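This is what each chain is made of:
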Amino acid sequence: MTLTTKIYKLAYKLSLISSFLLTTITAVLISSLSSFESENIIHMISLSLFSIALFLTLHLFFMRKYRRRRRILQTPFPVEWHSILNSEVSYYNTLNEEEKERFRREIQIFLGEKRITGIDTEIDDRSRVLVAASAIIPVFNYPEWEYDTLGEILVYPTNFDDEYGFSSKNGNLLGLVTHYGGTMIISKPALYYGFENSRDSTNVGIHEFAHKIDGADGSIDGTPALLMDKKTAAEWLRIVEEETNRIIRGKSGINPYAGTNSAEFFAVVSEYFFENPSSLAEKHPKLYHILSRIFKQDTRTKFRTAVRSMIKPKGGKVGRNDPCPCGSGKKYKKCCLNKRR
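Let us look at the structure shown here. (Residues numbered from 1 in each chain as written. Predicted model: local features only at pLDDT ≥ 70, side-chain atom pairs only at ≥ 80, totals over all residues. Heavy atoms only, no water.)

## A short note on the overall build of the protein chain
For clarity, the threshold we go by: Counting from the N terminus, the helices are DSSP H or I runs at least four residues long and the strands are E runs at least two residues long. Here the term buried applies to any residue with accessible area under 20% of the maximum for its type, exposed to any over 50%, and partly exposed to those in between, with areas from a 1.4 Å probe on protein chains only. The accessible surface values rely on the Shrake-Rupley method and a 1.4 Å probe; as for residues, cover is taken only from the protein chains in view.
In terms of helices and strands, the protein chain carries 15 helices and four strands. Buried residues in the protein chain amount to 42% of all 341 residues. Put simply, the protein chain shows about 19200 Å² of open surface, and 55% of that area lies on carbon and sulfur atoms.

Given below as C-alpha coordinates:
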(Lines give C-alpha, C1' and ligand atoms only; values in the text may rest on other atoms or scores of the structure.)
Protein backbone atom coordinates (compact mmCIF):
# COMPACT_ATOMS: atom_id res chain seq x y z
CA MET A 1 0.00 0.00 0.00
CA THR A 2 3.01 2.28 0.11
CA LEU A 3 3.83 4.98 -2.45
CA THR A 4 6.71 3.15 -4.11
CA THR A 5 4.63 0.43 -5.73
CA LYS A 6 4.09 -0.20 -9.43
CA ILE A 7 0.37 0.43 -8.91
CA TYR A 8 1.08 3.95 -7.71
CA LYS A 9 3.32 4.68 -10.70
CA LEU A 10 0.72 3.24 -13.07
CA ALA A 11 -2.05 5.27 -11.42
CA TYR A 12 0.06 8.41 -11.79
CA LYS A 13 0.58 7.83 -15.52
CA LEU A 14 -3.10 6.98 -16.08
CA SER A 15 -4.09 10.11 -14.19
CA LEU A 16 -1.94 12.29 -16.45
CA ILE A 17 -3.25 10.65 -19.62
CA SER A 18 -6.91 10.75 -18.50
CA SER A 19 -6.64 14.36 -17.36
CA PHE A 20 -5.03 15.38 -20.66
CA LEU A 21 -7.66 13.59 -22.77
CA LEU A 22 -10.61 14.96 -20.81
CA THR A 23 -9.15 18.46 -20.88
CA THR A 24 -8.57 18.26 -24.65
CA ILE A 25 -12.10 17.00 -25.31
CA THR A 26 -13.59 19.73 -23.10
CA ALA A 27 -11.55 22.44 -24.83
CA VAL A 28 -12.63 21.20 -28.27
CA LEU A 29 -16.29 21.14 -27.22
CA ILE A 30 -16.08 24.66 -25.82
CA SER A 31 -14.48 25.87 -29.03
CA SER A 32 -17.13 24.24 -31.23
CA LEU A 33 -20.19 25.13 -29.17
CA SER A 34 -19.34 28.75 -28.37
CA SER A 35 -18.67 31.80 -30.43
CA PHE A 36 -14.96 31.36 -29.78
CA GLU A 37 -12.75 33.25 -32.20
CA SER A 38 -9.40 31.58 -32.68
CA GLU A 39 -7.72 34.77 -33.79
CA ASN A 40 -8.82 36.62 -30.66
CA ILE A 41 -5.79 36.51 -28.36
CA ILE A 42 -7.85 37.17 -25.24
CA HIS A 43 -10.11 34.21 -25.99
CA MET A 44 -7.11 31.99 -26.66
CA ILE A 45 -5.45 32.95 -23.38
CA SER A 46 -8.72 32.40 -21.48
CA LEU A 47 -9.19 28.95 -22.98
CA SER A 48 -5.57 28.05 -22.27
CA LEU A 49 -5.82 29.10 -18.64
CA PHE A 50 -9.11 27.23 -18.28
CA SER A 51 -7.55 24.08 -19.79
CA ILE A 52 -4.55 24.24 -17.46
CA ALA A 53 -6.81 24.69 -14.43
CA LEU A 54 -9.05 21.81 -15.56
CA PHE A 55 -6.07 19.52 -16.17
CA LEU A 56 -4.63 20.18 -12.71
CA THR A 57 -8.02 19.77 -11.04
CA LEU A 58 -8.64 16.43 -12.75
CA HIS A 59 -5.15 15.20 -11.93
CA LEU A 60 -5.54 16.12 -8.26
CA PHE A 61 -8.95 14.43 -8.22
CA PHE A 62 -7.69 11.18 -9.73
CA MET A 63 -4.68 11.09 -7.37
CA ARG A 64 -6.57 12.09 -4.20
CA LYS A 65 -6.05 8.63 -2.64
CA TYR A 66 -2.27 8.92 -2.87
CA ARG A 67 -2.19 12.59 -1.85
CA ARG A 68 -4.04 11.54 1.28
CA ARG A 69 -1.48 8.80 1.89
CA ARG A 70 1.34 11.29 1.65
CA ARG A 71 -0.32 13.41 4.33
CA ILE A 72 -0.81 10.31 6.50
CA LEU A 73 2.86 9.35 6.23
CA GLN A 74 4.01 12.87 7.07
CA THR A 75 2.63 12.32 10.56
CA PRO A 76 5.19 10.77 12.96
CA PHE A 77 4.41 7.21 13.96
CA PRO A 78 2.83 7.41 17.44
CA VAL A 79 5.03 6.22 20.29
CA GLU A 80 2.07 4.34 21.78
CA TRP A 81 1.59 2.37 18.57
CA HIS A 82 5.28 1.50 18.46
CA SER A 83 5.12 0.23 22.03
CA ILE A 84 2.15 -2.01 21.20
CA LEU A 85 3.94 -3.49 18.19
CA ASN A 86 7.06 -4.19 20.24
CA SER A 87 5.25 -5.76 23.16
CA GLU A 88 2.41 -7.66 21.49
CA VAL A 89 3.17 -8.42 17.84
CA SER A 90 5.79 -11.18 17.70
CA TYR A 91 5.86 -11.07 13.90
CA TYR A 92 6.98 -7.43 14.00
CA ASN A 93 9.93 -8.34 16.21
CA THR A 94 11.21 -10.85 13.65
CA LEU A 95 11.70 -8.09 11.05
CA ASN A 96 14.89 -6.16 10.39
CA GLU A 97 14.92 -2.38 10.83
CA GLU A 98 14.09 -1.61 7.20
CA GLU A 99 11.17 -4.05 7.26
CA LYS A 100 9.94 -2.64 10.56
CA GLU A 101 9.86 0.84 9.06
CA ARG A 102 7.82 -0.42 6.10
CA PHE A 103 5.50 -2.32 8.44
CA ARG A 104 4.87 0.88 10.41
CA ARG A 105 4.09 2.79 7.20
CA GLU A 106 1.60 0.11 6.19
CA ILE A 107 -0.02 0.34 9.63
CA GLN A 108 -0.36 4.12 9.28
CA ILE A 109 -1.95 3.89 5.84
CA PHE A 110 -4.34 1.13 6.88
CA LEU A 111 -5.53 3.00 9.97
CA GLY A 112 -5.72 6.25 8.01
CA GLU A 113 -8.04 4.72 5.42
CA LYS A 114 -10.12 2.08 7.19
CA ARG A 115 -12.75 2.80 9.80
CA ILE A 116 -12.62 0.73 12.98
CA THR A 117 -15.84 1.02 14.97
CA GLY A 118 -16.56 -0.29 18.44
CA ILE A 119 -20.03 -1.75 19.01
CA ASP A 120 -20.83 -1.35 22.71
CA THR A 121 -17.10 -1.16 23.38
CA GLU A 122 -14.40 1.49 23.24
CA ILE A 123 -11.78 1.44 20.51
CA ASP A 124 -8.36 2.28 21.90
CA ASP A 125 -4.88 2.29 20.36
CA ARG A 126 -4.39 -1.37 21.22
CA SER A 127 -7.50 -2.45 19.31
CA ARG A 128 -6.62 -0.31 16.29
CA VAL A 129 -2.99 -1.42 16.05
CA LEU A 130 -3.78 -5.13 16.50
CA VAL A 131 -6.49 -5.01 13.83
CA ALA A 132 -4.07 -3.28 11.45
CA ALA A 133 -1.27 -5.74 12.25
CA SER A 134 -3.65 -8.62 11.49
CA ALA A 135 -4.25 -7.09 8.07
CA ILE A 136 -0.64 -6.35 7.21
CA ILE A 137 1.06 -9.58 8.35
CA PRO A 138 -0.37 -11.95 5.68
CA VAL A 139 0.29 -9.58 2.75
CA PHE A 140 3.51 -7.99 3.99
CA ASN A 141 5.47 -9.31 1.01
CA TYR A 142 2.79 -8.09 -1.39
CA PRO A 143 3.45 -4.33 -1.40
CA GLU A 144 0.94 -3.91 -4.24
CA TRP A 145 -1.87 -5.38 -2.15
CA GLU A 146 -4.94 -3.24 -1.49
CA TYR A 147 -7.92 -4.12 0.70
CA ASP A 148 -10.13 -2.32 -1.79
CA THR A 149 -13.37 -4.01 -0.81
CA LEU A 150 -12.95 -3.44 2.92
CA GLY A 151 -14.22 -0.20 4.37
CA GLU A 152 -14.99 -0.83 8.02
CA ILE A 153 -14.11 -3.26 10.80
CA LEU A 154 -16.69 -3.66 13.56
CA VAL A 155 -15.27 -4.66 16.93
CA TYR A 156 -17.71 -6.47 19.24
CA PRO A 157 -17.27 -6.57 23.03
CA THR A 158 -17.42 -10.38 23.08
CA ASN A 159 -18.20 -13.39 20.90
CA PHE A 160 -21.47 -13.27 18.96
CA ASP A 161 -24.10 -15.60 17.49
CA ASP A 162 -25.53 -16.15 14.00
CA GLU A 163 -27.88 -13.21 14.43
CA TYR A 164 -25.00 -10.87 15.41
CA GLY A 165 -26.13 -10.78 19.03
CA PHE A 166 -23.42 -10.75 21.69
CA SER A 167 -25.56 -10.97 24.80
CA SER A 168 -26.60 -14.57 24.17
CA LYS A 169 -24.87 -17.51 25.84
CA ASN A 170 -24.89 -19.25 22.46
CA GLY A 171 -22.45 -16.79 20.95
CA ASN A 172 -19.54 -18.82 19.60
CA LEU A 173 -18.44 -16.72 16.63
CA LEU A 174 -15.11 -14.90 17.03
CA GLY A 175 -15.12 -13.09 13.69
CA LEU A 176 -16.93 -12.79 10.41
CA VAL A 177 -16.26 -11.48 6.91
CA THR A 178 -19.29 -10.56 4.83
CA HIS A 179 -19.21 -12.00 1.32
CA TYR A 180 -20.54 -8.97 -0.51
CA GLY A 181 -20.29 -6.09 1.94
CA GLY A 182 -17.30 -4.02 2.88
CA THR A 183 -17.33 -4.89 6.57
CA MET A 184 -15.66 -7.32 8.93
CA ILE A 185 -16.59 -8.22 12.50
CA ILE A 186 -14.06 -9.21 15.17
CA SER A 187 -14.53 -10.05 18.84
CA LYS A 188 -12.27 -7.80 20.91
CA PRO A 189 -11.35 -10.45 23.54
CA ALA A 190 -10.53 -12.91 20.75
CA LEU A 191 -8.42 -10.30 18.96
CA TYR A 192 -6.42 -9.62 22.13
CA TYR A 193 -6.07 -13.31 22.94
CA GLY A 194 -4.64 -14.04 19.49
CA PHE A 195 -1.69 -11.74 20.12
CA GLU A 196 -1.26 -12.52 23.83
CA ASN A 197 -0.65 -16.17 22.95
CA SER A 198 1.65 -15.85 19.96
CA ARG A 199 2.52 -19.55 19.58
CA ASP A 200 -0.83 -21.29 20.07
CA SER A 201 -1.73 -21.38 16.34
CA THR A 202 -4.79 -19.22 16.97
CA ASN A 203 -5.28 -15.64 15.83
CA VAL A 204 -8.76 -14.49 14.85
CA GLY A 205 -7.44 -11.30 13.25
CA ILE A 206 -5.21 -13.20 10.82
CA HIS A 207 -8.01 -15.73 10.28
CA GLU A 208 -10.52 -13.10 9.16
CA PHE A 209 -8.08 -11.22 6.98
CA ALA A 210 -7.13 -14.53 5.35
CA HIS A 211 -10.81 -14.80 4.39
CA LYS A 212 -10.66 -11.28 2.98
CA ILE A 213 -7.58 -12.16 0.94
CA ASP A 214 -9.27 -15.36 -0.23
CA GLY A 215 -12.32 -13.41 -1.39
CA ALA A 216 -10.40 -10.78 -3.34
CA ASP A 217 -10.98 -12.77 -6.55
CA GLY A 218 -14.73 -12.62 -6.02
CA SER A 219 -15.23 -15.87 -4.11
CA ILE A 220 -14.31 -16.98 -0.59
CA ASP A 221 -13.60 -20.56 -1.60
CA GLY A 222 -10.27 -21.39 0.03
CA THR A 223 -8.25 -20.78 -3.12
CA PRO A 224 -6.77 -17.28 -3.06
CA ALA A 225 -6.28 -17.04 -6.81
CA LEU A 226 -4.68 -13.62 -6.64
CA LEU A 227 -1.77 -15.11 -4.69
CA MET A 228 -1.19 -18.22 -6.79
CA ASP A 229 -0.40 -19.25 -10.34
CA LYS A 230 -2.24 -22.20 -11.90
CA LYS A 231 0.48 -24.73 -11.04
CA THR A 232 0.57 -23.67 -7.39
CA ALA A 233 -3.24 -23.60 -7.26
CA ALA A 234 -3.46 -27.20 -8.52
CA GLU A 235 -0.88 -28.35 -5.97
CA TRP A 236 -2.70 -26.42 -3.24
CA LEU A 237 -6.01 -28.15 -4.03
CA ARG A 238 -4.34 -31.58 -3.81
CA ILE A 239 -2.82 -30.75 -0.41
CA VAL A 240 -6.14 -29.36 0.86
CA GLU A 241 -7.93 -32.56 -0.11
CA GLU A 242 -5.28 -34.81 1.46
CA GLU A 243 -5.10 -32.85 4.71
CA THR A 244 -8.87 -32.46 4.98
CA ASN A 245 -9.25 -36.23 4.73
CA ARG A 246 -6.67 -36.63 7.50
CA ILE A 247 -8.57 -34.13 9.64
CA ILE A 248 -11.83 -36.03 9.12
CA ARG A 249 -10.10 -39.28 10.13
CA GLY A 250 -8.63 -37.59 13.19
CA LYS A 251 -5.04 -38.08 12.04
CA SER A 252 -3.98 -34.51 11.26
CA GLY A 253 -3.37 -32.55 14.46
CA ILE A 254 -4.69 -29.40 12.81
CA ASN A 255 -7.76 -27.79 14.37
CA PRO A 256 -10.79 -29.83 13.16
CA TYR A 257 -12.53 -26.56 12.24
CA ALA A 258 -10.24 -26.50 9.19
CA GLY A 259 -12.18 -29.49 7.89
CA THR A 260 -15.44 -27.51 7.71
CA ASN A 261 -14.80 -26.38 4.14
CA SER A 262 -11.97 -25.17 1.90
CA ALA A 263 -12.40 -21.54 2.92
CA GLU A 264 -12.01 -22.34 6.60
CA PHE A 265 -9.09 -24.63 5.83
CA PHE A 266 -7.14 -21.76 4.26
CA ALA A 267 -7.95 -19.38 7.11
CA VAL A 268 -7.07 -21.88 9.85
CA VAL A 269 -3.76 -23.01 8.35
CA SER A 270 -2.86 -19.35 7.80
CA GLU A 271 -3.10 -18.96 11.57
CA TYR A 272 -0.74 -21.91 12.02
CA PHE A 273 1.67 -20.51 9.44
CA PHE A 274 2.04 -17.15 11.19
CA GLU A 275 1.55 -18.27 14.79
CA ASN A 276 3.49 -21.52 15.04
CA PRO A 277 5.50 -22.00 11.83
CA SER A 278 8.11 -24.36 13.30
CA SER A 279 5.47 -26.86 14.38
CA LEU A 280 3.67 -26.61 11.04
CA ALA A 281 6.91 -27.13 9.11
CA GLU A 282 7.83 -30.15 11.24
CA LYS A 283 4.46 -31.91 11.22
CA HIS A 284 3.09 -30.75 7.85
CA PRO A 285 6.09 -29.89 5.64
CA LYS A 286 4.21 -29.90 2.33
CA LEU A 287 1.58 -27.58 3.74
CA TYR A 288 4.20 -25.27 5.20
CA HIS A 289 6.20 -25.02 1.97
CA ILE A 290 3.21 -24.22 -0.22
CA LEU A 291 2.01 -21.58 2.24
CA SER A 292 5.51 -20.10 2.08
CA ARG A 293 5.04 -19.78 -1.67
CA ILE A 294 1.53 -18.38 -1.34
CA PHE A 295 2.48 -15.71 1.19
CA LYS A 296 6.06 -15.29 -0.12
CA GLN A 297 7.33 -15.63 3.43
CA ASP A 298 9.46 -18.08 5.39
CA THR A 299 8.02 -17.51 8.84
CA ARG A 300 9.92 -20.41 10.43
CA THR A 301 13.28 -18.87 9.52
CA LYS A 302 12.16 -15.46 10.79
CA PHE A 303 11.19 -16.83 14.19
CA ARG A 304 14.37 -18.91 14.50
CA THR A 305 16.48 -15.84 13.74
CA ALA A 306 14.55 -13.80 16.29
CA VAL A 307 15.04 -16.43 18.99
CA ARG A 308 18.76 -16.74 18.26
CA SER A 309 19.17 -12.98 18.41
CA MET A 310 17.61 -12.94 21.87
CA ILE A 311 19.65 -15.84 23.23
CA LYS A 312 22.96 -15.12 21.48
CA PRO A 313 22.95 -11.47 20.43
CA LYS A 314 26.62 -11.63 19.40
CA GLY A 315 26.31 -14.91 17.55
CA GLY A 316 28.03 -18.23 18.27
CA LYS A 317 31.56 -18.39 19.73
CA VAL A 318 34.17 -21.12 19.57
CA GLY A 319 34.50 -22.88 22.92
CA ARG A 320 37.92 -23.48 24.50
CA ASN A 321 37.55 -27.26 24.10
CA ASP A 322 35.93 -27.15 20.63
CA PRO A 323 37.89 -28.34 17.58
CA CYS A 324 39.99 -25.48 16.30
CA PRO A 325 38.33 -23.86 13.25
CA CYS A 326 41.68 -23.80 11.43
CA GLY A 327 41.37 -27.55 10.83
CA SER A 328 44.51 -28.59 12.72
CA GLY A 329 42.65 -31.26 14.67
CA LYS A 330 43.70 -29.73 17.98
CA LYS A 331 41.47 -28.14 20.56
CA TYR A 332 40.94 -24.42 20.15
CA LYS A 333 42.67 -23.65 23.49
CA LYS A 334 45.83 -25.50 22.37
CA CYS A 335 45.91 -24.03 18.90
CA CYS A 336 44.67 -20.67 17.63
CA LEU A 337 43.55 -19.45 21.06
CA ASN A 338 47.20 -19.27 22.13
CA LYS A 339 47.98 -17.16 19.04
CA ARG A 340 45.18 -14.66 19.68
CA ARG A 341 46.35 -11.08 20.02
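## Brief notes about a negative patch on the surface
This is how the line gets drawn: Patches draw on residues past 30% relative accessible area with no salt bridge. Two like charges within 9 Å are joined, as are two nonpolar side chains (Val, Leu, Ile, Met, Phe, Trp, Tyr) within 5 Å. Salt bridge, as used here: a side-chain nitrogen of Lys or Arg that lies within 4 Å of a carboxyl oxygen of Asp or Glu. In this count, Lys and Arg are taken as positive residues and Asp and Glu as negative ones, while His and the chain termini are left out. The atom standing in for a charge is NZ when the residue is Lys, CZ when it is Arg, CG when it is Asp and CD when it is Glu.
A grouping of Glu 80, Glu 122, Asp 124 and Asp 125 is seen on the molecular surface, where their side chains present a negatively charged patch. Take Glu 122: it is sitting in the loop between strand 1 (115-118) and helix 7 (125-136). For Glu 122, a relative accessible area of 67% gives the class exposed.

## A few points about the pairing of strand 1
The criterion, for reference: Strands qualify as paired when DSSP identifies two bridges or more between them. We call a crossover right-handed when, viewed with the strands running away from us, the connection from the first strand over the helix to the second turns clockwise.
Note that strand 1 and strand 2 (residues 152-156) share four bridges and pair parallel. Its bridge partner being in strand 2, Gly 118 is matched across the sheet by Val 155. A crossover connection joins strand 1 to the parallel strand 2 through helix 7; in handedness this β-α-β unit is left-handed.

## Thoughts on the sheet that holds strand 2
To keep things clear, this is the line we draw: Whenever a helix is involved, its axis is fitted only over the stretch in contact; in every case the axis is a line through C-alpha atoms, and angles between N-to-C directions fall within 0 to 180 degrees. Working rule for contacts: check all heavy atoms of both residues, and any pair within 4.5 Å makes them a contact.
Here we have four strands laid out as an open sheet, ordered 1-2-4-3, and mixed in their pairing. In this open sheet, the two edge strands, each paired with only one partner strand, are strand 1 and strand 3 (175-177). Adjacent strand axes in the sheet meet at a mean angle of 20 degrees when their direction is disregarded. Contacting strand 2 and strand 4 (183-187), helix 8 (residues 188-196) runs over the sheet at an angle of about 70 degrees to strand 4.

## Focus: the pairing of strand 4
Buried residues dominate strand 4, accounting for four of its five residues. Of the strand pairs in this sheet, strand 2 and strand 4 are connected by five bridges, and their pairing is parallel. Paired with Tyr 156 across the two strands is Ser 187, which belongs to strand 4.

## What about the packing of aromatic side chains?
Formally: Ring geometry is summarised as follows: Phe, Tyr and Trp rings, the Trp one being its six-membered ring, pair when their centres sit within 6.5 Å, and such pairs are stacked at plane angles under 30 degrees, edge-to-face over 60 and tilted between the two. Look at NZ for Lys and CZ for Arg. If either is within 6 Å of the ring centre and within 35 degrees of the ring normal, a charge sits over the ring.
Within this structure, the stated rule accounts for 19 aromatic pairs. Between Phe 77 and Trp 81, the aromatic rings sit 5.6 Å apart at their centres with planes inclined by 85 degrees, giving edge-to-face as the arrangement. Overall, the relative accessible area of 18% leaves Phe 77 in the buried class. Since its relative accessible area comes to 11%, Trp 81 is described here as buried. The interplanar angle of 85 degrees and the centroid separation of 5.0 Å between the aromatic rings of Phe 273 and Phe 274 together place this pair among those described as edge-to-face. Neither Phe 273 nor Phe 274 differs from the other in exposure class; each is buried. Taken together, Tyr 91, Tyr 92, Phe 103, Phe 140, Trp 236, Phe 265, Phe 266, Phe 273, Phe 274, Tyr 288 and Phe 295 form an aromatic cluster joined through their ring pairs. Looking at Arg 102, its charged tip hangs above the ring of Phe 140, at a distance of 3.8 Å from the centre.

## Side note on the packing of helix 10 (residues 230-248) against helix 13 (residues 285-295)
When two helices pack together, you describe them by how their axes are tilted relative to each other and by the distance separating the axes. Just so we agree on the cut-off: The sense of a crossing depends on the near helix, which, turned anticlockwise from the far helix by less than a right angle, makes the crossing left-handed and, turned clockwise, makes it right-handed. Residues were grouped as follows: Ala, Val, Leu, Ile, Met, Phe, Trp, Tyr, Cys and Pro as nonpolar; Asp, Glu, Lys and Arg as charged; and all remaining residues, including Gly, as polar.
Where helix 10 meets helix 13, the closest approach of the two axes is 11 Å, and the angle between their N-to-C directions is 145 degrees. For the crossing formed where helix 10 meets helix 13, the hand is left-handed. Where helix 10 abuts helix 13, its residues Thr 232, Glu 235, Trp 236, Ile 239 and Glu 242 lie against Lys 286, Leu 287, Ile 290, Leu 291, Arg 293 and Ile 294. For the contact of helix 10 with helix 13, the per-class residue count stands at six nonpolar, one polar and four charged.

## Focus: the pattern of salt bridges
This model, assessed by the stated rule, comprises 11 salt bridges. Ionic pairing is found between Glu 113 and Arg 69, a salt bridge with its closest N-O pair at 2.6 Å. Here Glu 113 is found in helix 6 (residues 97-113), whereas its partner Arg 69 is found in helix 3 (residues 64-74), with 44 residues between them in sequence. On the basis of relative accessibility, which here comes to 25%, the residue Glu 113 falls in the partly exposed class. Exposure remark for Arg 69: the relative accessible area of 0% places this residue in the buried category. A salt bridge links Arg 105 to Glu 101, with the nearest nitrogen and oxygen atoms 3.5 Å apart. Of this pair, Arg 105 and Glu 101 both sit in helix 6, four residues apart, which is roughly one turn of the helix. Look at Arg 105 and you get partly exposed, because its relative accessible area is 27%. Here the residues in one salt-bridge network are Lys 65, Arg 69, Glu 113, Glu 146 and Asp 148, joined through shared partners.

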